[in-house]
Amino acid sequence: MDAGKNLLGPSLAGIMGRKAGAESGYNYSPAMKQSGLVWDGNTLDAYLADPQKLVPGNKMPFPGLKTDHDRADIIAYLAAGAQPAPAAPNPAGQPASGATAQNTPAPASQPPQGASGADITYIPDARYTLRSGIAEGRMVYIGVGGTIDGKVNPVLTASEGQVVQVTLINGEGAEHDIVFPDQDAKSPRVTGKGSSTTIAFRATKSGDFIYLCSVPGHQLAGMQGQFLVTPRPTPQTVVEADISREATDLSPPIGKRDPQTVRVDLFRVEIEGRLAEGTTFGYWTFNGKVPGPFIRVRIGDTIDIHLKNSADSSMIHSVDFHATTGPGGGAAALQVDPGKEKSMTWKALVPGLYVYHCATPMVAEHIANGMYGLILVEPEGGLPPVDREFYVMQGEIYTDIPHGQHGSAEFSVEKLLNERPEYFVLNGSAGALSKLHPLHAKVGETVRIFFGVGGPNYTSSFHVIGEIFDKVYMLGGAQTAPLEGIQTVTVPAGGAVIVDFKLEVPGNYTLVDHALSRMERGLVGILSVEGQPNPEIFNGQVMPGMGH
């Protein structure tokens, strides 16, 4: 709402009386450009109620606000203008916004509140890397990466309440540390060239502070910088399309029935969607979400698959079911041109949990852009019943801009071929199953997770922190007895697993790939469990921090 503050979309300040689709520099749909709308109370009300009905063919995925009072509140807000969020100071030499993976203060996160009341996630909001060194005859800190790269004693910024992570690398061999005295944060000392340490702390108060080296004489010798903490910003609303499929979005168990023909419709559509906070990506999807829909059939069913490719697509697309016996898993018969539709049938012969994905050259590119999902072929009579089921898939995203940089990211073929993803994600985007759609359950319930790896390249070490898998159907197989009492499960790219466990203690349980560096690139989910404490199993005071 700040006039002239154009970010992912144009500012909405002064929208009343403005012509739709008129702001320069934005990729409006032809439908919006040609709508001839002028925004006033009536047109806003109609658009907020049903964007597609008012402007057929526009790119807005928002389904509409169906209650009169919700629409009236927003229209009044737009008409009156909003109070701008506090602006962060912009010290000399510091850009107005972050632009790198390592040194980008993000908006203050609003993590889910679990039963424990913990309010810090595993992923910091602001990350910085500094190296000790000598510059201009002084001992100094030197910025590493991003907007502070090469800067001497760079200004570090955060917002009040944010979690800040600082990595200190010893650059010349002398003993050093880094201290934020006003935030009560101090690192261990590092000795020896190349040694390093990392600290994380919450910026508990706003103001103009310093950071320094506490080794006697080093602060006076030059090792001191500025740490600016701005007041807590107004919570931001995600305005990008949410392409992430919720883990609860799956069909119920089939149970006992005779084999039948099951029709499956897949529609391939492109969406510019939320990849991370402040970053969007051009996804290729099955049915508008990543992963594609969870398909559930039983052994002996005949699957009548219909694949439609959207008319605005620039590419041929297909689908390969790992559960199919036949050329290309069906992809040999389902290469579909833009605007066309093809169908075929295949029979489910072997029970289990299987990946499906687009299999049009370059196959890895189609998968990396989001075209994958899971299909469960239930054994006769189904799997043993549980209280809750969840649908989770891991994938990689290869972008032309570094991890954490804001803006519209493009796909990078070079990074794909070199297997250097910028993001590792669960259900399509960073924070999809932690900030946007955390999983929920209750103490005493049994939980089943259908977990798959779309890839296209990396194997996962699937683990739920704080839980032990009671049953594991290895590699998604449903013909042999499950393993019991398993901590971490290896799932290859293009593979899947079914895990069951019972919830005994309330709190937050974190879904990870135990190749834990990938958490720093977005791969984390939260299972929030409510219920009464169970001191016979876990008798300890859960301390605030780490998202438990």
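Scoring rules and cut-offs
Residues numbered from 1 in each chain as written. Predicted model: local features only at pLDDT ≥ 70, side-chain atom pairs only at ≥ 80, totals over all residues. Heavy atoms only, no water. Helix = DSSP H or I, 4+ residues; strand = E, 2+ residues; numbered from the N terminus. Pairing = 2+ DSSP bridges. Axes fitted to C-alpha atoms, helices over the stretch in contact; angles between N-to-C directions. Phe/Tyr/Trp six-rings, centres within 6.5 Å; stacked < 30°, edge-to-face > 60°. Buried < 20%, exposed > 50% of the residue type's maximum accessible area, 1.4 Å probe, protein only.

Draft legend 1. Local environment of unusual backbone geometry. The omega torsion of the bond from Val290 to Pro291 falls at -5°, within 30 degrees of zero and hence cis. Among the structural elements, Pro291 can be located in the loop between strand 11 (279-286) and strand 12 (295-298). The omega torsion across Gly455 and Pro456 is 25°, close enough to zero to call that bond cis. Residue placement: Pro456 occurs in the loop between strand 22 (446-455) and strand 23 (460-465). Phi is positive for Asn287, close to 65°, though the residue is something other than glycine. Residue position: Asn287 is located in the loop between strand 11 and strand 12.

Draft legend 2. Representation of the sheet that holds strand 29 (residues 525-530) within the structure. Strand order in the open sheet formed by five strands is 21-29-28-23-26, and the pairing between neighbours is mixed. If you trace the sheet from one side to the other, it starts and ends with strand 21 (439-442) and strand 26 (488-491), each paired once. Across the sheet, the axes of successive neighbouring strands diverge by a mean angle of 20°, strand direction being ignored.

Draft legend 3. Highlighting the packing of aromatic side chains. Summed over all chains, the structure comprises 16 aromatic pairs. Between the aromatic rings of Phe201 and Phe227, the centroid separation amounts to 6.0 Å while the plane-to-plane angle is 75°, which identifies the pairing as edge-to-face. Taken together, the residues Phe201 in strand 7 (residues 196-202) and Phe227 in strand 9 (residues 224-230) connect sequence positions 26 residues apart. Phe227 carries the same exposure label as Phe201, and that label is buried. Look at Phe294 and Phe450: their rings are 5.1 Å apart centre to centre, the planes differ by 40°, and that puts the pair in the tilted class. With a gap of 156 residues between them, Phe294 in the loop between strand 11 and strand 12 and Phe450 in strand 22 connect regions that are remote in the sequence. The exposure classification of Phe294 matches that of Phe450, with both residues buried. Aromatic rings pair up to connect Tyr141, Phe180, Phe201, Tyr211 and Phe227 into one cluster.

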